[in-house]
Each structure stands twice: as C-alpha cells, then as structure tokens.
Amino acid sequence: MCWTRRTLLAVFGVPVVIGVAMSLVDSYRRRGKKPKPFPTTPPTPVEVGEGTVTTYTYGRDLYEDMLAAIGRAERQILFETYIWKGDEVGERFKHALAAAADRGVEVCCIYDGFANLVVSPRFKHFPANVKVLRYPVYAAGLRFFDLRRYGRDHRKILVVDDAEAFVGGYNIGSAYETEWRDTHVRITGPGVADLRRAFADFWNLHRRRRLRSSERPLLVEATSTWEPHLRFHRNVPRLMMFPIRGMYLEAINRASRTIWITQAYFIPDQDFVDALKVAAARGVDVRVLVPLKSNHIVADWLSRGYFSQLLEAGVRIFRFKDAMVHAKTATVDGTWSTVGTANIDRLSLQGNYEINVEVIDRDLAGHLEQVYRVDESNSIELTRGEWEARDLHRRFTEMVLRPLRPFL
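Nothing here was measured: the structure is a model prediction, and the numbers come from that model. (Residues numbered from 1 in each chain as written. Predicted model: local features only at pLDDT ≥ 70, side-chain atom pairs only at ≥ 80, totals over all residues. Heavy atoms only, no water.)

Student: Requested: an account of helix α2 (residues 59-72), with residues and values cited.
Tutor: For α2, which comprises 14 residues, the first-to-last C-alpha distance of 20 Å matches the rise-based estimate of 20 Å (1.5 Å per residue) to within 8%. Of the positions making up α2, those classed as buried are Gly59, Leu62, Tyr63, Met66, Leu67, Ala69 and Ile70. Down the axis of α2, the smallest arc covering the buried residues is 155°, so these residues share one side. (Helix = DSSP H or I, 4+ residues; strand = E, 2+ residues; numbered from the N terminus. Expected span 1.5 Å × (residues − 1). Buried < 20%, exposed > 50% of the residue type's maximum accessible area, 1.4 Å probe, protein only. Arc of directions from axis to C-beta.)

Here you go:
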C-alpha cells in the first residue's frame, strides 16, 4: 500500500503542483497587460426557418442588444450566467434587471456560486422583487460520492418574453466587453420557447423546496411550433445526459468537405481526436482555431499534447494572437453549425451544465465561415515542422501534465 500511495502521488500529485505553480507564475506575468485590438464581424441577422439568428463577435455589441432587450421586456426575463462580475458592466445588467422588476416584469436570475466567489458579497444582494437562484459552490450535500452533483452551471442564457433569446460563450463583465473574442447568438422565432424551457428545467431541478415566491416552480408553456432548423442540446449532469459530445461526433463523422472548429480550451478525448484524424484522412479540410495563449495556461499545455497526432494526420491548427478567443463554435460542410457554452474538454462534455444550439442552415453556416476567416486572419498557423522542432523542456512539460487530461 505504501508503494501504491507513493506511485499515485507521483503520477497525480506532481502534475498538480506543477500546474498550480505555472498558473501562479502566468498570473503574475499578466498583471497590468492589456490585450491588443482584434478584428471582429458586425452583428448580422440571418433568417433561419421562421425566425432569425444574429451572430455577435464583440462583447460591446452584444451587451447593448441584451440590455435593450431587457429594457423592452413586458412580462418575463430569464437570465442565467456562469460569471457575473461586480464591475461597471455587471452593475449595468443588475440595474437593468432591477428596473424591469420594478415595472412589473417577472425577473428570474441564475448564477454559479463557485465562479463568482471573488465577486463582492454586496453585489450579490438583489431587490426582493428579483428572483435569484445561486447555484451552490458545493451541491452534493451529504452525497459525497454522487458524481452527478459536482457539475458547474456553465450556461449563459437570456430570454425576454417569448420574443427573443440569447445564448453563447459570453460571461458578464467589463473585460469581456472589449478584450475577449467570443461568440454569442440572438434567436427569434420558435427557438425562443426551447431556451425558455431549458432555463425553467434548470430552475426547477435546483430550486429549494420552500414556499417563498422566489423559489416556487417556474412554469412555462410548451411551444406548439417546432423549428426543424434548430435543436438545443443540453448537458445535464444530474440526469447523466451529455448529448453535446455526440452532436459534435455525428457532425464530424458525416463531414465530406470542411470541419472548422473554434475553441477556447481544446482538450478532447482520444475518440474525438480519432474522429478528426479519420475525417482529415478522407480528404476533409479540418481546421482547429485556439488561443495562442489563453487565460488558463495549464489548459494550453494540455491542448498542445494533441497537436502532434493532429498535425501528422493533416489537421490544420491556428492560434489566435494578442487576445483571448473564448468562442465555442463549429461549422461542417457549409451546412451545419453550432454555437454554445460547451468547450471541447471533459469538464464541458462530461461534467458541467452546458447548452449548445445546433443549426442546419446554409446561410448561417456560411456567415460563421466568414467569421472564422476573419479570426484566421488574426491567427498564426502552426506547421508540423515548427511543432516537431520545439525544445526539450516543452516536450517534458507536455508529458508531465498528461495525467491531468481526464480531469479537465
């Protein structure tokens, strides 16, 4: 048993210590540094079925339209976010939601407790007429070994009445307004009802069973109209439902021409990597765009551990420079696309509460391909020769951190 403990400590303990040290050093180096401007694509509405899908690639554009939608609300606002900073942008959203509640709109908010531990407690106090569900830092209670209760609420949703809804990668905060490159969409038409139901299902699953009005079940009407061009996939750890990974793999396996993926944290499992390699082998143009340097240095190093086999298979890798790209999007064959909250890593695909919209529409896929080309213009392509020439200490770091892959 002694040797077993020492082996486990060496295999998992050493990578954790190195990872923590790398994160601390990287955080120190980043102090006071500001990202450089990056190219963006203006919000562009595309007709999809009986509604529209508008794509946002710049936080300021998105926030202006989200706040305008909150200002137009007449009956109900459903607002859910992972990170909600207590800064200027966070206050603007809080005041807008409170003002809507004051004029008689039902306002329901959800935020993740763990993601906002560093946010001032004063910011987290809301008026009594705003219903708030704080997803707890620790949700397992006495069920310590129930893995279904450890996922974080990583979703970002805004639904206003039955008229419009927003979903995507943007959190709420001043840095995300101008310094991060992310992707969000605004949806009108029958798809709004699906996002309302997604919010209500989470609320009802996690609300406290008390009689206070802020914690009563949230009842929404089922839509009588189906939108065949849009499907919403929800990862629900409590119910052991993780359809987003399957959505990606099905699209990749069906691809015949192109697979263009943008990811903030690209740490796939081996089956996912193999699907991309097989697609490239049959002549598909497979491209993966990731940050040159993300806000999580350990995630960067774990992602690089897959570069060798991807490059060898013919997958092209682009690294977005000078700013953090946080988008979670993909297009396939100029027909299929997805935008959402899920990263291609274990935490998102097999751990957290996530939501992605899948769209079958050539016009939207074509627009997202344009967005990809703009991002590609601000990226550096990693060549196979450059990667194989990396120095020894980089190879060593990749090897040492490899045991952390299943946990991130």
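Don't stop here, the text continues.
Student: Account for the packing of α2 against helix α3 (residues 88-102), with residues named and values stated.
Tutor: In the contact formed by α2 and α3, the axes pass within 9 Å of each other and the chain directions differ by 15°. In terms of orientation, α2 and α3 fall into the roughly parallel class. Considering the relative orientation of α2 and α3, their crossing is left-handed. Across from Tyr63, Met66, Leu67 and Ile70 in α2, the residues of α3 making contact are Val89, Arg92, Phe93, Ala96, Leu97 and Ala100. Of the residues contributing to the contact of α2 with α3, the split by class is nine nonpolar, no polar and one charged. (Axes fitted to C-alpha atoms, helices over the stretch in contact; angles between N-to-C directions. Parallel < 35°, antiparallel > 145°, perpendicular 65-115°, else oblique. Left-handed = near helix turned anticlockwise from the far one by under 90°. Contact = heavy atoms within 4.5 Å. Nonpolar A, V, L, I, M, F, W, Y, C, P; charged D, E, K, R; others polar.)

Student: Outline the sheet that holds strand β15 (residues 328-332), supporting the account with residue identities and numerical values.
Tutor: Spatial ordering of the open sheet is given by β10-β17-β16-β15-β11-β12-β13-β18, a layout of eight strands whose pairing is mixed. This sheet does not close on itself; its edge strands, each paired only once, are β10 (230-235) and β18 (379-382). Averaged over all pairs of adjacent strands, the angle between strand axes in this sheet comes to 15°, irrespective of strand direction. Judged from the four bridges that link them, strand β13 (residues 316-320) and β18 form a sheet pairing that is antiparallel. Directly across from Phe318, in β18, lies its bridge partner Glu381. (Pairing = 2+ DSSP bridges.)

Student: If you had to explain the UniProt feature "domain: PLD phosphodiesterase" (unreviewed entry) in the protein chain to someone new, which residues and values would you point to?
Tutor: With numbering matched to this structure, UniProt assigns "domain: PLD phosphodiesterase" (unreviewed entry) to residues 149-176 and 321-348. Within the segment residues 149-176, helix and strand shares are 11% and 32% respectively, and the terminal C-alpha atoms sit 29 Å apart. The distance from the first to the last C-alpha atom of residues 321-348 is 24 Å, and the span holds 11% helix and 43% strand. (UniProt positions renumbered as here; feature names shortened; annotations may be inferred.)

Student: Account for the sheet that holds strand β3 (residues 76-81), naming residues and giving values.
Tutor: Sheet strands associate in pairs through backbone hydrogen bonding, adopting either a parallel or an antiparallel arrangement. What the eight strands build is an open sheet, ordered β1-β2-β9-β7-β6-β3-β4-β5; its pairing is mixed. Every interior strand has two partners, whereas the edge strands, β1 (44-48) and β5 (130-135), have only one. Direction aside, the axes of adjacent strands within the sheet are offset by 15° on average. Two strands pair when backbone bridges link them, and β3 and strand β4 (residues 106-112) are joined in this way by six bridges, in the parallel orientation. In the strand pairing of β4, Leu78 is matched with Cys108. Docked against the sheet, α2 engages β2 (51-56), β3, β6 (157-160), β7 (164-168) and β9 (184-187), running at close to 145° with respect to β7.

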